[in-house]
Amino acid sequence: MILVLLLLAEKQFNPTLQQKIVAIIDKVMSPYIYTTSNTDEILGRRIVVQNTQTGEKEELRSRDVVSLVVAQKNLVTEFLNLEEFNIEEKKELANTFKQFLAANLRYSDSLTTAAKTLARQQVTPLEVQFRKKSNSS
């Protein structure tokens, strides 16, 4: 983090540059980030998140969710696009901020199982009646 401060000091704490850095961090952290170990649980599924503090639920679209590895790659890409720094400084900035990225979406097996059970209970069984066709010659 000291290096970041030194690089910003070198640029005289340029407010425009500071805003660019904040915008990069905001862009990279705006989707929900899941741990890479949860990839199988997350991909290809309807994702409903529940705020554990308020109990509010919302459904996510796939573009709202990225793995931690993808978020880190996106961060590096965004920093490499900054024109105000040389390539080594850009890499150093990206590596510094990568340390602060963390998963903010957790897969809960117990909540998922409870939601599946509730959904099954709310489905009305479909009754089908049929008649056996008689074999008359």
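Whatever comes next refers back to the structure up there.
Residues numbered from 1 in each chain as written. Predicted model: local features only at pLDDT ≥ 70, side-chain atom pairs only at ≥ 80, totals over all residues. Heavy atoms only, no water.

**Digging into the packing of aromatic side chains**
The way to describe two aromatic rings as a pair is by their centre distance and the angle between their planes.
Moving on, step 1. Across all of its chains, the model carries two aromatic pairs by this definition.
Moving on, step 2. Ring geometry for F79 against F97: centres 5.5 Å apart, planes inclined by 10°, an arrangement best described as stacked. Of the two residues, F79 sits in helix α4 (residues 68-80) while F97 sits in helix α5 (residues 87-98), which places them 18 residues apart along the sequence. Comparing F79 with F97 shows no difference in burial state: the two are buried.
Moving on, step 3. Measuring from ring centre to ring centre gives 6.4 Å for F97 and F100, while their planes differ by 55°; the resulting arrangement is tilted.
Moving on, step 4. Linked through ring pairs, F79, F97 and F100 together constitute an aromatic cluster. (Phe/Tyr/Trp six-rings, centres within 6.5 Å; stacked < 30°, edge-to-face > 60°. Helix = DSSP H or I, 4+ residues; strand = E, 2+ residues; numbered from the N terminus. Buried < 20%, exposed > 50% of the residue type's maximum accessible area, 1.4 Å probe, protein only.)

**As for the nonpolar core**
Moving on, step 1. The biggest cluster of nonpolar side chains holds 19 residues, and the ones touching the most others in it are I21, L75, F79, L82, L93, F97 and L101.
Moving on, step 2. For this core, the elements supplying multiple residues, two or more each, are α1 (2-10), α2 (15-29), α4 and α5. (Core = buried A, V, L, I, M, F, W, Y, C linked by side-chain atoms within 4.5 Å.)

**Some details on the packing of α1 against α5**
A pair of packed helices can be characterised by two numbers: the angle between their axes and the separation between those axes.
Moving on, step 1. Close contact between α1 and α5 brings their axes to 10 Å; oriented N to C, the two are set at 135°. Overall, the two elements α1 and α5 adopt an arrangement that is oblique. Judged by the twist between their axes, the crossing of α1 over α5 is left-handed. Mapping the contact onto sequence places L3, V4, L7 and E10 in α1 and E89, E92, L93, T96 and F97 in α5.
Moving on, step 2. Classifying every residue of the contact of α1 with α5 gives five nonpolar, one polar and three charged. (Axes fitted to C-alpha atoms, helices over the stretch in contact; angles between N-to-C directions. Parallel < 35°, antiparallel > 145°, perpendicular 65-115°, else oblique. Left-handed = near helix turned anticlockwise from the far one by under 90°. Contact = heavy atoms within 4.5 Å. Nonpolar A, V, L, I, M, F, W, Y, C, P; charged D, E, K, R; others polar.)

**Considering a nonpolar patch on the surface**
Moving on, step 1. The grouping of I2, L3 and L6 at the surface amounts to a nonpolar patch, some 300 Å² of accessible area in total.
Moving on, step 2. You can see L6 is positioned in helix α1.
Moving on, step 3. For L6, a relative accessible area of 54% puts it in the exposed group. (Patch = residues over 30% accessible without salt bridge, like charges linked within 9 Å, V, L, I, M, F, W, Y side chains within 5 Å. Areas by Shrake-Rupley, 256 points an atom, 1.4 Å probe, with all protein chains shown as cover. Salt bridge = Lys/Arg side-chain N within 4 Å of Asp/Glu carboxyl O.)

**Some points on the pairing of strand β3 (residues 57-60)**
Moving on, step 1. Pairing of strand β2 (residues 47-50) with β3 involves four bridges; the strand directions are antiparallel. Note that in β3 the partner of Q50 across the bridge is K57.
Moving on, step 2. Between β2 and β3, which pair antiparallel and follow one another directly, the connecting turn spans six residues, one of which, G55, has a positive phi of 85°. (Pairing = 2+ DSSP bridges.)

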